[in-house]
Amino acid sequence: MTRRLSAQPFAKQITARATEIAARAIADARGTAPEIAVVIATSEPDSLLYVDRLLKQVSATGLVGRRVELGEAATEAEIFATLTSLSADQSVAGIILQSPLPSGVSREIVAAAIAPGKDIDGITLVNAERLADGTHDASLLPATAAAVMELLRAYEIPLQGRQAVVVGRSAVVGRPVAHLLELEGAHVEVAHSKTPDLGVVTRTAAVLVVAAGVRGLVRGEHVSPGTVVIDVGIHPSGDTIVGDVDAPSVEAQLGETGGLSPVPGGVGPMTSAILALHAAQAAERLVRRRA
Ligand code: NAD
């Protein structure tokens, strides 16, 4: 059977570490818990459900989650002004800008209003550039990309000198994962929607990260036996979710020497744990700065 690269128990350990760091920061702030602001300009049910879980996770660490609802009609100027004000707010340690944004709003433009030190989901250009040149702060990385790396680390998957393929090149997942894999010494190839024959590229991978946003895109014929596959995709399916990987056909092809992260139970819970950790580290930074 193919190895299942589940987030547990590692996500639980990371959350426990986040809670410890947050508790220290709150004690140093004489009992006042720093806030983590989540800015929402959508009414998409899946996105709102994600925010609910995120805020629960933030409160579980002891920090205060601040829900900033702007509505799906929010303009670029309104979102920019809100992010500017949260960036200057001394009680706010970290800021998350929830996706999707209203149509016509540029993520890049509004993200520029987030203070880089409060950018706990790594969406500002400043933090993306730091990642690209390897001078980044780990607590300001895009959380999903960091979660992919954490899963690979947790299962001791070797990366140095190995062929890694990333399917997807979005600014939030594909690109940062490709940079992080490169920094670990992997030889990285990125496939995307214009790649002529996906299987030709993905079959070369020792490590394959799939973040295309297309349900069941990667099937058995796209992988080679022994590959380790990380499935980032999330697609609602009845009362559960499925990924970008067609798990049954891929597992049959990977065999016993391969590995696959499950959906649900893989990148998703690891991402929540990493965000909690980034939030706690931002709280620690804020309290130190105020001291
Ligand atoms: P996106 O739509 O911004 O980017 C998708 C990328 O995949 C693009 O670069 C595109 O070129 C590429 N792509 C699309 N179709 C392709 C195809 N047929 N073949 C090859 N490449 C293709 O998506 P995103 O924000 O990067 O998210 C990707 C997936 O990850 C989505 O399913 C999303 O829901 C999920 N996601 C999960 C988490 C998590 O915590 N688990 C977090 C963020 C995103």
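Anyway, here's the lowdown on the structure attached to this text. All figures in this text were calculated on a predicted structure; none of them were measured in a lab.

Let's shift gears to the overall build of the protein. When you go through the protein residue by residue, the secondary structure sums to 10 helices and 11 strands. Compactness check: the protein gives a C-alpha radius of gyration of 19 Å against a globular reference of 19 Å for 291 residues, within 12% of the reference. C-alpha extents for the protein along the principal axes are approximately 55 × 40 × 40 Å. In the protein, buried positions account for 49% of the 291 residues. Once local pairs closer than 6 in sequence are excluded, the contacts in the protein between residues at least 24 apart make up 71%. Roughly 13,100 Å² of accessible area belongs to the protein as shown, and the carbon and sulfur atoms make up 54% of that amount. The averaged location of the 31 negative side-chain charges in the protein is 5 Å from the averaged location of its 25 positive side-chain charges.

Looking now at the site of the ligand. Taken together, 22 residues lie around the ligand, and T144, R169, S170, H192 and V232 are the ones closest in. At 3.4 Å, a backbone N or O of H192 approaches a nitrogen atom of the ligand. Note that an oxygen atom of the ligand is positioned 3.1 Å from one of the backbone N or O atoms of S193. In isolation the ligand offers 860 Å² of accessible surface; the protein chains occlude 70% of this area. Counting residues per element, the shell around the ligand draws most heavily on helix α10 (residues 267-290), at three residues. Looking at the shell around the ligand residue by residue, the classes come out as 10 nonpolar, 10 polar and two charged.

Attention now goes to the packing of helix α2 (residues 45-60) against α10. Packing of α2 against α10 brings their axes to within 10 Å, and their N-to-C directions diverge by 50°. Between α2 and α10, the interaxial angle falls into the category oblique. For α2 against α10, the interelement crossing comes out right-handed. Where α2 abuts α10, its residues Y50, L54 and Q57 lie against T271, S272, A273, L275 and A276. Along the lines of polarity and charge, the residues of the contact of α2 with α10 split into five nonpolar, three polar and no charged.

Now for the nonpolar core. Grouped together as the largest cluster of nonpolar side chains are 64 residues, with contacts concentrated most on L152 and L181. When residues in this core are grouped by element, the largest group, 13 residues, is from α10. If we ignore the near neighbours within four places in the chain, the residues touching L181 are M149, L152, L159, A164, V166, A186, V188 and V209. Of all hydrophobic cores here, the second largest spans 18 residues; its members include A37, V68, V92 and L97.

The next subject is the sheet that holds strand β1 (residues 3-4). The strand order β1-β11-β8-β7-β5-β6 describes an open sheet built from six strands, whose pairing is parallel. Single-partner strands in this sheet number two, and they are β1 and β6 (187-191). Note that β1 and strand β11 (residues 259-260) share two bridges and pair parallel. Counterpart to R4 in the pairing with β11 is L260. Docked against the sheet, helix α6 (residues 143-154) engages β7 (207-210) and β8 (228-231), running at close to 145° with respect to β8.

So, on to the sheet that holds strand β2 (residues 35-40). What the three strands build is an open sheet, ordered β3-β2-β4; its pairing is parallel. Looking at which strands have only one partner, the edges of the open sheet turn out to be β3 (64-69) and β4 (92-97). When strand polarity is set aside, the average angle formed by the axes of neighbouring strands in this sheet is 20°. Where β2 meets β3, six bridges bridge the pair, whose relative direction is parallel. The partner of V39 across the bridge, within β3, is V68. Against the sheet, helix α3 (residues 76-88) makes contact with β2, β3 and β4, and its axis sits at roughly 155° relative to β4, the strand it touches most. Relative to the sheet, α10 contacts β2 and β4, its axis offset from that of β4 by approximately 145°.

As a further point, take α6. The terminal C-alpha atoms of α6, which comprises 12 residues, lie 16 Å apart, in line with the 16 Å expected from a rise of 1.5 Å per residue. The buried fraction of α6 is high, at nine of 12 residues. Three or more residues of α6 are buried, namely A143, A145, A146, A147, V148, M149, L151, L152 and A154. Where α6 is buried, its residues touch α1 (10-28), α7 (174-183), β7, β8 and α10. One or two steps after α6, the chain reaches E156, where phi turns positive at roughly 55°.

Parameters and conventions
- Residues numbered from 1 in each chain as written.
- Predicted model: local features only at pLDDT ≥ 70, side-chain atom pairs only at ≥ 80, totals over all residues.
- Heavy atoms only, no water.
- Helix = DSSP H or I, 4+ residues; strand = E, 2+ residues; numbered from the N terminus.
- Rg over C-alpha atoms; globule rule 2.2 N^0.38 Å.
- Buried < 20%, exposed > 50% of the residue type's maximum accessible area, 1.4 Å probe, protein only.
- Contact = heavy atoms within 4.5 Å.
- Areas by Shrake-Rupley, 256 points an atom, 1.4 Å probe, with all protein chains shown as cover.
- Lys, Arg positive; Asp, Glu negative; His and termini not counted.
- Charge placed at Lys NZ, Arg CZ, Asp CG, Glu CD.
- Near = heavy atom within 4 Å.
- Polar contact = N/O pair within 3.5 Å; in protein donor to acceptor, adjacent residues only side chain to side chain.
- Nonpolar A, V, L, I, M, F, W, Y, C, P; charged D, E, K, R; others polar.
- Axes fitted to C-alpha atoms, helices over the stretch in contact; angles between N-to-C directions.
- Parallel < 35°, antiparallel > 145°, perpendicular 65-115°, else oblique.
- Left-handed = near helix turned anticlockwise from the far one by under 90°.
- Core = buried A, V, L, I, M, F, W, Y, C linked by side-chain atoms within 4.5 Å.
- Pairing = 2+ DSSP bridges.
- Expected span 1.5 Å × (residues − 1).

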